[in-house]
Amino acid sequence: MTNNDFERLNDLADKALNEVVTDNELKEFSQLLNVWNESTELNLYSRRNTFG
């Protein structure tokens, strides 16, 4: 996930919380959220962050 993707995700989350998000923006938010969740860089359970 790029910094721009992360910033866009935050912007869309803010719009969703304020209930001013469009259907297309909501779809984009969902896609970016999936990218965030699948990112190995941000995954707290990646091998580099486990103990043992």
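Everything in this summary refers to the structure shown in the same document. Every value quoted in this text rests on a predicted model; they were computed, and no experiment measured them.

## Structural notes on the overall build of the protein
Turning to step 1, where the next piece is worked out: A tally of helices and strands in the protein yields 2 helices and 0 strands.
Turning to step 2, where the next piece is worked out: For the protein, buried positions account for 13% of its 52 residues.

## Side note on the packing of aromatic side chains
Turning to step 1, where the next piece is worked out: Taken as a whole, this structure holds 1 aromatic pair when the rule is applied.
Turning to step 2, where the next piece is worked out: Each ring, one from Phe6 and one from Trp36, has its centre 5.4 Å from the other, and the planes form 25°; the classification is stacked. Linking Phe6 in helix H1 (residues 3-17) with Trp36 in helix H2 (residues 23-38), this pair joins segments that are 30 residues apart in sequence.
Turning to step 3, where the next piece is worked out: A relative accessible area of 34% places Phe6 in the partly exposed class.

## Comments concerning unusual backbone geometry
Turning to step 1, where the next piece is worked out: The backbone of Glu19 sits at a positive phi, close to 60°, despite the residue not being glycine.
Turning to step 2, where the next piece is worked out: On the accessibility criterion, Glu19 (73% relative accessible area) is exposed.

## What about the pattern of salt bridges?
Turning to step 1, where the next piece is worked out: The tally for this structure, following the rule as stated, stands at 3 salt bridges.
Turning to step 2, where the next piece is worked out: The salt bridge involving Glu25 is made with Arg8; its shortest N-O contact spans 4.0 Å. Within this pair, whereas Glu25 is found in helix H2, its partner Arg8 is found in helix H1, the two being separated by 17 residues in sequence.
Turning to step 3, where the next piece is worked out: Judged by its relative accessible area of 13%, Glu25 is buried.
Turning to step 4, where the next piece is worked out: A salt bridge links Glu25 to Lys15; the shortest N-O distance between them is 2.6 Å.

## Notes on the packing of H1 against H2
Turning to step 1, where the next piece is worked out: Where H1 contacts H2, the two axes come as close as 9 Å, and the packing angle between them is 130°. The orientation of H1 relative to H2 falls into the category oblique. Crossing of H1 against H2: the hand is left-handed. Contact residues: Asp5, Phe6, Arg8, Leu9, Leu12, Ala13 and Lys15 in H1; Glu25, Glu28, Phe29, Leu32, Leu33 and Trp36 in H2.
Turning to step 2, where the next piece is worked out: Classifying every residue of the contact of H1 with H2 by side-chain character gives 8 nonpolar, no polar and 5 charged.

Cut-offs applied
Residues numbered from 1 in each chain as written. Predicted model: local features only at pLDDT ≥ 70, side-chain atom pairs only at ≥ 80, totals over all residues. Heavy atoms only, no water. Helix = DSSP H or I, 4+ residues; strand = E, 2+ residues; numbered from the N terminus. Buried < 20%, exposed > 50% of the residue type's maximum accessible area, 1.4 Å probe, protein only. Phe/Tyr/Trp six-rings, centres within 6.5 Å; stacked < 30°, edge-to-face > 60°. Salt bridge = Lys/Arg side-chain N within 4 Å of Asp/Glu carboxyl O. Axes fitted to C-alpha atoms, helices over the stretch in contact; angles between N-to-C directions. Parallel < 35°, antiparallel > 145°, perpendicular 65-115°, else oblique. Left-handed = near helix turned anticlockwise from the far one by under 90°. Contact = heavy atoms within 4.5 Å. Nonpolar A, V, L, I, M, F, W, Y, C, P; charged D, E, K, R; others polar.

Honestly, that's just the spatial picture; any functional story needs more than this.
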